[in-house]
Amino acid sequence: MSNFIPYGRQNINQADIDAVVEVLESAFLTQGPAIERFEEVVAKYSGAKFAVAVTSATAALHISCQALGLGKGDRLWTSPNTFVASANCGLYCGAEVDFVDIDPTTYNLCTTQLKEKLEKASANGQLPKVIVPVHFAGQSCQMEAISALSQSYGIKIIEDASHSIGSSYQSKPVGSCTYSDLTVFSFHPVKIITSGEGGMVLTNDAGLYQKLIRLRTHGITRDVTLMHGEPDGPWSYQQLELGYNYRMTDIQAALGASQMDRLEKFIDRRRFLAHRYNQLLSHLPIQLPLQHKDCESSWHLYVIRLRLPELSKTHRQIFEELRQANIGVNLHYIPVHTQPYYTDLGFQHGDFPETEKYYSEAISIPLHYGLTLEQQDYIVDTLKAIVR
Ligand SMILES: *Cc1c(COP(=O)(O)O)cnc(C)c1O
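Residues numbered from 1 in each chain as written. Predicted model: local features only at pLDDT ≥ 70, side-chain atom pairs only at ≥ 80, totals over all residues. Heavy atoms only, no water.

Draft legend 1. Highlighting the side chain of serine 167. Considering the arrangement of structural elements, one finds serine 167 in the loop between strand S5 (156-160) and strand S6 (168-169). Of the residues examined, serine 167 reaches a relative accessible area of 2% and is grouped as buried. Separated by 3.1 Å, the side chain of serine 167 and the backbone oxygen of glycine 138 make a polar contact. A distance of 2.7 Å separates the side chain of serine 167 from the backbone oxygen of serine 164, its partner in a polar contact. (Helix = DSSP H or I, 4+ residues; strand = E, 2+ residues; numbered from the N terminus. Buried < 20%, exposed > 50% of the residue type's maximum accessible area, 1.4 Å probe, protein only. Polar contact = N/O pair within 3.5 Å; in protein donor to acceptor, adjacent residues only side chain to side chain.)

Shown next as structure tokens:
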């Protein structure tokens with residue numbers, strides 16, 4: 001098999017193309033009706049009251065932090081096993097960032113370690129203002145426990161659900177914000193659904209929603225009731241705070257909304273393929289992804305963990321042999337605290353040992369809607385041959 005199999009890939013059909021073309025031929029390429037339509041369908045699906053579409057999940061995380069008032073002298077905690085954006089949002093706001101090590105079975109932020117770290121931070125007067133639990137690979141964090149801890153210390157929660165639109169926790173969709181202030185989705189093409197680039201913030205809080213709407217567009221309002229003094233005239237708008245241009249275009253929103261029509265199909269296929277990997281890869285010197293009983297994952301990623309003591313090859317050798325076989329394996333994630341930018345801030349290798357151990361053993365193997373059974377069989381056979 002000579003074709004390269006990527007670890008993730010978007011699926012675009014004629015309905016998606018038609019939806020985009022329709023916008024291109026309409027009056028509005030941006031700031032038009034497609035944005036609200038996309039926001040409505042995602043909010044309805046997730047069960048949150050409000051949704052704000054933006055240019056990316058990175059932008060969504062940034063304005064979420066700002067809407068919560070995160071700033072200089074504050075702290076944000078997240079998982080070190082994530083994409084850098086989950087942590088960078090704190091730095092954008094001038095806050096300090098710290099991490100909580102992962103649970104060795106789910107690879108999500110560990111609630112036991114969170115509890116201990118909060119007790120220490122409370123004693124030292126160094127509690128975080130915001131915690132960003134990341135639902136790694138699509139599996140939700142233990143939100144009920146995280147929420148209970150956060151509430152007892154008055155901490156706000158932003159769920160980084162970039163991997164997990166379509167997944168559920170305690171039988172409710174991720175995005176419902178049942179246990180958080182805000183939830184962020186990503187629509188980058190490797191994620192579950194795509195708008196090209198794009199992200200969204202969900203919330204049940206009307207005040208936060210109003211702030212997010214303003215921060216998305218320069219901090220400007222056209223709402224007369226929010227204006228300082230009398231408006232100059234019917235042309236009036238006022239900038240109330242420092243915001244950004246983080247607006248999604250209608251072209252992107254139309255694609256995103258069209259993709260939402262197939263979300264269930266996408267998730268079903270990912271679950272089917274993940275289940276099939278579980279069957280086909282059992283009895284190998286590999287740790288397969290474990291699912292907590294409270295979670296139904298969207299399966300953004302399928303991560304295997306090598307049991308290196310039982311193998312005669314190194315992690316890197318196995319990774320390279322898979323790549324040489326045209327299998328687009330990847331590694332999610334390089335621990336954020338070991339990135340040069342973060343070691344310059346004072347973090348060190350060894351700070352979060354569970355995450356670093358995981359990193360030394362993990363490989364993401366291809367999983368996406370368009371992956372064929374033939375491709376999956378090829379991946380399984382190749383992996384078996386390599387690890388045996
Ligand atoms: C992809 C991703 C992001 C950033 O998403 P963009 O839409 O590309 O900005 C943030 N956090 C996590 C966990 C991600 O996987």
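Draft legend 2. Structural view of the packing of aromatic side chains. All told, the structure shown has 16 aromatic pairs when counted by the stated rule. With a centroid separation of 4.5 Å and 40 degrees between ring planes, the pair formed by tyrosine 107 and tyrosine 358 is classed as tilted. Placement of the pair is tyrosine 107 in the loop between strand S3 (96-99) and helix H5 (111-123) and tyrosine 358 in helix H12 (residues 353-359), with a sequence separation of 251 residues. Accessibility expressed as a relative area gives 0% for tyrosine 358, which makes it buried. Taking 4.7 Å as the distance between ring centres and 35 degrees as the angle between the ring planes, the aromatic pair formed by tyrosine 277 and tyrosine 302 counts as tilted. With tyrosine 277 in helix H9 (residues 263-280) and tyrosine 302 in strand S14 (residues 302-306), this residue pair connects regions lying 25 residues apart in the sequence. Considered together, tyrosine 277 and tyrosine 302 belong to a single accessibility category, that of buried residues. Three or more aromatic residues link up through ring pairs in this structure, and these residues are Phe99, Tyr341, Tyr342, Phe347 and Phe352. Geometry around tryptophan 77 places lysine 117 over its ring, the cationic atom sitting 5.3 Å from the centre. (Phe/Tyr/Trp six-rings, centres within 6.5 Å; stacked < 30°, edge-to-face > 60°. Lys NZ or Arg CZ within 6 Å of the ring centre and 35° of its normal.)

Draft legend 3. Fine view of the sheet that holds S6. With antiparallel pairing, the 3 strands of this open sheet are ordered in space as S7-S6-S13. Only two strands of the sheet have a single partner each, and these edge strands are strand S7 (172-173) and strand S13 (295-296). Taken together, the 2 bridges between S6 and S7 define a ladder with antiparallel strand orientation. Each bridged residue has a counterpart across the sheet, and for serine 168 the counterpart in S7 is proline 173. (Pairing = 2+ DSSP bridges.)

Draft legend 4. Quick peek at the site of the ligand. Near the ligand there are 15 residues, and of these Thr58, Asp160, His163, Ser186 and Lys191 occur at the shortest range. Within the contact set of the ligand, an oxygen atom lies 2.8 Å away from a backbone nitrogen or oxygen of alanine 57. Here serine 186 contributes a side-chain N or O atom positioned 2.8 Å from an oxygen atom of the ligand. When the ligand is considered free in solution it has 380 Å² of accessible area, and contact with the protein chains removes 92% of it. Elements that contribute at least two residues to the shell around the ligand include exactly helix H3 (57-67) and helix H4 (85-92). Among the residues making up the shell around the ligand, the classes are represented as 5 nonpolar, 8 polar and 2 charged. (Near = heavy atom within 4 Å. Areas by Shrake-Rupley, 256 points an atom, 1.4 Å probe, with all protein chains shown as cover. Nonpolar A, V, L, I, M, F, W, Y, C, P; charged D, E, K, R; others polar.)

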